[in-house]
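The lines below spell out each chain.
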Amino acid sequence: QVQLVESGGGLVQPGGSLRLSCAASGSIFSISTMGWYRQAPGKQRELVAQITSGWMRIYADSVKGRFTISRDNAKNMVYLQMNSLKPEDTAVYYCNRLSPPGPWTWGQGTPVTVSS
């Protein structure tokens with residue numbers, strides 16, 4: 001079973017930046033489409049960015065132009081560069097697989113708080 005460990009979250013002022021990292025164990029990582037999700041208090045988890053094994057990237061409208069997803073298959077890592085952060089970006093951020101057969105066991109996530 002693949003283990004996912006997210007890191008890089010924290011408290012940042014509006015307009016600031018953070019870079020999230022996701023470490024995944026397992027050799028099948030490189031062929032998987034990976035995504036970053038977030039869950040704000042009282043809301044459902046939502047997909048904000050995804051990246052295929054061929055580096056095709058898709059973003060939710062709410063983060064387009066501000067967030068950039070990338071991956072390093074040699075290190076089994078996925079990253080999310082978040083710029084121009086807004087209070088509404090406050091959430092716990094998770095990474096996971098999108099491609100079949102579906103998500104692995106969810107990690108603990110990394111909390112992001114955007115506040116002045």
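The present account deals with the structure reproduced in this document. (Residues numbered from 1 in each chain as written. Predicted model: local features only at pLDDT ≥ 70, side-chain atom pairs only at ≥ 80, totals over all residues. Heavy atoms only, no water.)

Quick look at the overall build of the protein chain
- If you tally the helices and strands in the protein chain, you get zero helices and 10 strands.
- In sequence order, the protein chain lays out its α and β elements as β-β-β-β-β-β-β-β-β-β.
- Against the globule reference of 13 Å for 116 residues, the protein chain gives a C-alpha radius of gyration of 13 Å, in line with a compact fold.
- C-alpha atoms of the protein chain, sized along the principal axes, occupy 40 × 25 × 25 Å.
- For the protein chain, the proportion of its 116 residues judged to be buried stands at 45%.
- Long-range contacts, defined as pairs at least 24 residues apart, comprise 54% of the intrachain contacts of the protein chain with a sequence gap of at least 6.
- Surface summary for the protein chain: the accessible area is close to 6,000 Å², and the carbon and sulfur share equals 51%.
- Side-chain charges of the protein chain comprise 11 positive and 6 negative groups, with the mean position of each set lying 4 Å from the other. (Helix = DSSP H or I, 4+ residues; strand = E, 2+ residues; numbered from the N terminus. Rg over C-alpha atoms; globule rule 2.2 N^0.38 Å. Buried < 20%, exposed > 50% of the residue type's maximum accessible area, 1.4 Å probe, protein only. Contact = heavy atoms within 4.5 Å. Areas by Shrake-Rupley, 256 points an atom, 1.4 Å probe, with all protein chains shown as cover. Lys, Arg positive; Asp, Glu negative; His and termini not counted. Charge placed at Lys NZ, Arg CZ, Asp CG, Glu CD.)

Describing the nonpolar core
- Ranked by size, the top nonpolar core spans 28 residues in total, and within it Leu-4, Trp-36, Ile-69, Leu-80, Met-82 and Tyr-93 carry the most contacts.
- Those elements that place two or more of their residues in this core are β3 (18–24), β4 (34–39), β5 (46–51), β7 (67–72), β8 (77–82), β9 (91–97) and β10 (110–114).
- Take this core: its biggest share by element is four residues, from β3. (Core = buried A, V, L, I, M, F, W, Y, C linked by side-chain atoms within 4.5 Å.)

A short note on the pattern of salt bridges
- This model, assessed by the stated rule, comprises four salt bridges.
- Asp-61 is the partner of Lys-64 in a salt bridge, and the nearest nitrogen-oxygen pair spans 3.1 Å. Both residues of the pair, Lys-64 and Asp-61, count as exposed. (Salt bridge = Lys/Arg side-chain N within 4 Å of Asp/Glu carboxyl O.)

A few points about the pairing of β9
- Along β9, six of the seven residues are buried, which leaves the element largely enclosed by surrounding structure.
- Pairing of β4 with β9, which is carried by six bridges, proceeds in the antiparallel orientation. The partner of Met-34 across the bridge, within β9, is Arg-97.
- Pairing of β9 with β10 involves three bridges; the strand directions are antiparallel. Within β10, the residue paired with Tyr-93 across the bridge is Thr-110. (Pairing = 2+ DSSP bridges.)

Some remarks on the sheet that holds β3
- The strand order β1-β3-β8-β7 describes an open sheet built from four strands, whose pairing is antiparallel. Looking at the sheet topology across the chains shown, the edges are occupied by β1 (4–7) and β7. Each strand axis lies, on average, 15° off the axis of its neighbour in the sheet, ignoring direction.
- In the sheet, β3 pairs with β8 via six bridges, with the strands oriented antiparallel. From the neighbouring strand, Leu-20 faces β8, where its bridge partner is Leu-80. (Axes fitted to C-alpha atoms, helices over the stretch in contact; angles between N-to-C directions.)

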